[in-house]
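# Understanding the architecture of this molecule
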Amino acid sequence: MLSSNENDTYAERGIDEVEASAPEFDDAVDAPDRMRPAIEFRDVHLAFDDKVILDGVSFSVKKGQTKIVLGRSGSGKSTIIRMILGLLKPDAGQIFIDGEEITHHSEPDMMSVRQKIGMVFQEGALFDSLSVYDNVAYRLLEQGVPEDEIDVEVRRMLRFVDLEDAIEKMPNELSGGMRRRVGIARALVGDPQIVLFDEPTAGLDPPTARTICELAIKLRDLQDVSSIFVTHEMNNLRYLSSEYATVNDEGQVVYEKEGEKLCLINTEIMMIRDGQIIFSGKDEELQRNDDPYIRRFIHGT
Amino acid sequence: MHSLLRFLSELQDVSLLLWQAFLSLWSKPRYYADTIRQMDYVGVGSLPIVLLTGFFTGAVLLLQTFETFQYYSMQNESGRLVATSLIRELGPVLSALMVSGRIGSAIAAELGSMVVSQQIDAMRALGTDPIRKLVLPRIVALVVMMPLLTVAADIFGLIGGGAVASLMYNQETSVYTYSVRTGISTSDLLGGIIKPIFFGLIIGSVACHKGLSTSGGTVGVGRSVTNAVVISSIWVIIFDFFLSKLLQYLLDIGRL
Ligand SMILES: Nc1ncnc2c1ncn2[C@@H]1O[C@H](COP(=O)(O)OP(=O)(O)O)[C@@H](O)[C@H]1O
Ligand SMILES: [Mg+2]
């Protein structure tokens, strides 16, 4: 499935994780529910006019897994995310969410699929005309959930992102980092099992970026959420692929480093270039990779 | 792209949007609160400028024609001219142009900035159809409020004409009102209400389409706003001609 020239090159160099991850497509049919990927792309193509954006992209995100997507700006990362939500349809190929093919779903059919997905947009994309409360409550208000239940849920979500004080504010009164966190709270209402992050830390100061990565780690390790995390910041990559969240004896969430022997199995990295996946695998494999393009992307040399 | 082709594809897009909005009228969910808010914004919000426009249009119509009427010793009939031209033409068209400037631009700017800041995508991702939630309430508000605004503009126009007649030309108020009443026929009134319904549809669908098809960041929003106002104004004026012809045929307007 992933047999473009570039992938072959990596296989020859002994980095065959691209091939290694391929069999799961075949297993998926008779494997238990746990093994069914939360998100799967099969040979997806897309072009705008005659500009090719995605040229045969295949990958899958397992349940509880986080996929970090790397790539230059304009490489089609947001496009992939928009396709998962059905905001954009591929020219060819198939897309599956939770085993359900959504490639040709109409807008009304897509609505029920979107209930399972939380989306964190690049700049937050908060509704300017609504307060923080109404933004976070949006999905529940639309579903006609009773007001008191909404109130409980909104407060719980805002506590999760540590923004309970901002509940009455309007989006234009918030800082960039706060907007992003409200965006996360809005995406997480209703506990979606799939969460998509589109450059959630771009343009934020390091501590705030760190907080957002911690939220993503918490979702992955404590709530078994499958996610795609688009970024081009190496700090994010390091946090997400080397730290994990656990609950300590006092019941607090703590973040620990993976250490020498332990290797996080629920985080994978994939890199896109010229509409194709040029790398897919674990953090350690990425660090060891000696492709010049990848090395320059990661180490800056 | 060939400009004729571009025109046709735009026309197709606008009609498609209007059709989708029309279809979503018949099924749930419906956004009543949004519709009421838009009606308030379109109707109450535009009332002052529309009344002002109406008043001075009526006033200037009388000002410019009174002496000609006098020359032919027909000054007692001058109210007729104000009434017919206002109710048939100037009331609907000028109100539509004012509303297109005020509301069409606001709609295109609001929807356009929602597109470029990904709020429309967010809305769809959260399971809401933007056509139901944003487009339909705006079009409904315009279609309902345009005729009401037009009638208000007509009334203020007649008052404006009357004010000039009595204050500047010392005409008896009763003479003016009598000539106004003889100048208005039922079919004039009917036509004067049918036209603004179509103008509301034009302004709403063009502005929503321009807003939703915005691309290219904040510069693109500016472009969309300009296009929304220019295109909807031109369409109002062109459509007015054909609508007038059609109404003449159907309602027998324009024959004395
Ligand atoms: N609606 C569109 N029409 C035309 N080109 C588009 C459209 N959306 C995105 N593109 C192009 O697709 C490419 C990939 O965009 P995107 O997925 O946003 O990249 P990124 O990896 O930075 O998120 C860009 O070159 C962009 O110009
Ligand atoms: Mg992007």
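About the cut-offs
- Residues numbered from 1 in each chain as written.
- Chains lettered and ligands numbered in written order.
- Predicted model: local features only at pLDDT ≥ 70, side-chain atom pairs only at ≥ 80, totals over all residues.
- Heavy atoms only, no water.
- Helix = DSSP H or I, 4+ residues; strand = E, 2+ residues; numbered from the N terminus.
- Buried < 20%, exposed > 50% of the residue type's maximum accessible area, 1.4 Å probe, protein only.
- Areas by Shrake-Rupley, 256 points an atom, 1.4 Å probe, with all protein chains shown as cover.
- Contact = heavy atoms within 4.5 Å.
- Lys, Arg positive; Asp, Glu negative; His and termini not counted.
- Charge placed at Lys NZ, Arg CZ, Asp CG, Glu CD.
- Core = buried A, V, L, I, M, F, W, Y, C linked by side-chain atoms within 4.5 Å.
- Near = heavy atom within 4 Å.
- Polar contact = N/O pair within 3.5 Å; in protein donor to acceptor, adjacent residues only side chain to side chain.
- Pairing = 2+ DSSP bridges.
- Axes fitted to C-alpha atoms, helices over the stretch in contact; angles between N-to-C directions.
- Buried area = accessible area lost by both parts, 1.4 Å probe.
- Salt bridge = Lys/Arg side-chain N within 4 Å of Asp/Glu carboxyl O.
- Phe/Tyr/Trp six-rings, centres within 6.5 Å; stacked < 30°, edge-to-face > 60°.
- Lys NZ or Arg CZ within 6 Å of the ring centre and 35° of its normal.

### Points about the overall build of chain A
In terms of regular secondary structure, chain A is built from twelve helices and twelve strands. Within chain A, the fraction of its 301 residues that count as buried is 53%. Surface accessibility of chain A: about 13,400 Å² in total, with carbon and sulfur atoms responsible for 47%.

### Some words on the overall build of chain B
Within chain B, the secondary structure is distributed over eight helices and zero strands. Ordered by position from the N terminus, the helices and strands of chain B form the series α-α-α-α-α-α-α-α. If one aligns the C-alpha atoms of chain B with their principal axes, the spans along those axes are about 70 × 35 × 35 Å. Sorting the 256 residues of chain B into buried and exposed places 46% on the buried side. Nonlocal contacts in chain B, meaning residues at least 24 apart in sequence, comprise 85% of its contacts between residues at least 6 apart. Element-wise, carbon and sulfur atoms account for 68% of the exposed surface of chain B, whose accessible area totals about 12,700 Å². Taking the 17 positively charged and 15 negatively charged side chains of chain B as two groups, their mean positions are separated by 8 Å.

### Considerations on the nonpolar core
Formed by 75 residues in total, the largest nonpolar core has its most connected members in Ile-39, Phe-41, Phe-59, Ile-80, Ile-84, Leu-196 and Ile-228 of chain A. Broken down by element, the residue count for this core peaks at eleven residues, all from helix H5 (residues 130-168) of chain B. If we skip the residues at most four places from it in the chain, Ile-84 of chain A touches Ile-39, Phe-41, Ile-97, Ile-102, Met-110, Ile-117, Leu-196 and Ile-228 of chain A. If you look at the next biggest cluster of nonpolar residues, it comprises 49 residues, including Phe-160, Leu-219, Leu-286 and Tyr-293 of chain A.

### A word on the site of ligand 1
All names here are of chain A. Residues in contact with ligand 1, as listed here, are Phe-48, Lys-51, Ile-53, Arg-72, Ser-73, Gly-74, Ser-75, Gly-76, Lys-77, Ser-78 and Thr-79. The contact in question runs from an oxygen atom of ligand 1 to an N or O atom on the side chain of Lys-51, over 2.7 Å. Backbone polar atom of Ser-75 to an oxygen atom of ligand 1: 3.3 Å apart, as the coordinates give it. With the chains in place, 60% of the 560 Å² that ligand 1 exposes on its own is no longer accessible.

### Observations concerning the sheet that holds strand S3 (residues 66-70) of chain A
Hydrogen bonding along the main chain pairs the strands of a sheet, whether they run parallel or antiparallel. Residue and element names in this part refer to chain A. Strand order across the open sheet formed by six strands is S6-S7-S8-S3-S11-S12, with mixed pairing between neighbours. Two strands in the sheet have a free side with no partner beyond their single neighbour: strand S6 (117-120) and strand S12 (276-281). Between one strand axis and the next, the sheet turns through 15° on average, direction left out of account. Pairing of S6 with strand S7 (residues 194-198) involves four bridges; the strand directions are parallel. Opposite Ile-117, over in S7, you have Ile-194 as the bridge partner. Packing of helix H12 (residues 292-299) onto the sheet brings it into contact with S3, strand S11 (267-273) and S12, and relative to S11 it is tilted by some 115°.

### A short note on the interface of chain B and chain A
Contacts between the two partners involve 15 residues from chain B and, on the opposite side, 19 residues from chain A. Summed over both sides, the interface of chain B with chain A buries roughly 1,600 Å², with 53% coming from carbon and sulfur. If you look at where chain B meets chain A, you find two salt bridges. For the salt bridge of Arg-82 of chain A with Asp-121 of chain B, the shortest nitrogen-to-oxygen distance reads 2.3 Å. Our count for the contact surface shared by chain B and chain A stands at eight residue pairs in polar contact (both at pLDDT 80 or more).

### Let's talk about the packing of aromatic side chains
Inspection of every chain in the model, using the stated rule, returns eleven aromatic pairs over all chains. Here the aromatic rings of Phe-41 of chain A and Phe-59 of chain A are separated by 4.8 Å at their centres, their planes lie at 25°, and the arrangement is stacked. With Phe-41 of chain A in strand S1 (residues 39-48) and Phe-59 of chain A in strand S2 (residues 51-61), this residue pair connects regions lying 18 residues apart in the sequence. Between Phe-55 of chain B and Phe-56 of chain B, the ring centres sit 5.3 Å apart and the planes meet at 80°, which makes this aromatic pair edge-to-face. Judged by its relative accessible area of 52%, Phe-56 of chain B is exposed. An aromatic cluster is defined as three or more aromatic residues linked by ring pairs; in this entry it consists of Trp-19, Phe-22 and Trp-26 of chain B. Of note, Arg-273 of chain A hangs over the ring of Tyr-293 of chain A, and the distance from its end group to the ring centre comes to 3.9 Å. Just above the ring of Tyr-41 of chain B sits the side chain of Arg-102 of chain B; from NZ or CZ to the centre is 5.1 Å.

### Description of the side chain of Asp-291 of chain A
Residue and element names in this part refer to chain A. One can find Asp-291 in the loop between helix H11 (283-288) and H12. Using a relative accessible area of 10% as the deciding quantity, one classes Asp-291 as buried. Within polar-contact distance, the side chain of Asp-291 engages the backbone nitrogen of Tyr-293 at 3.1 Å. A polar side-chain atom of Asp-291 sits 3.1 Å from the main-chain amide nitrogen of Ile-294.

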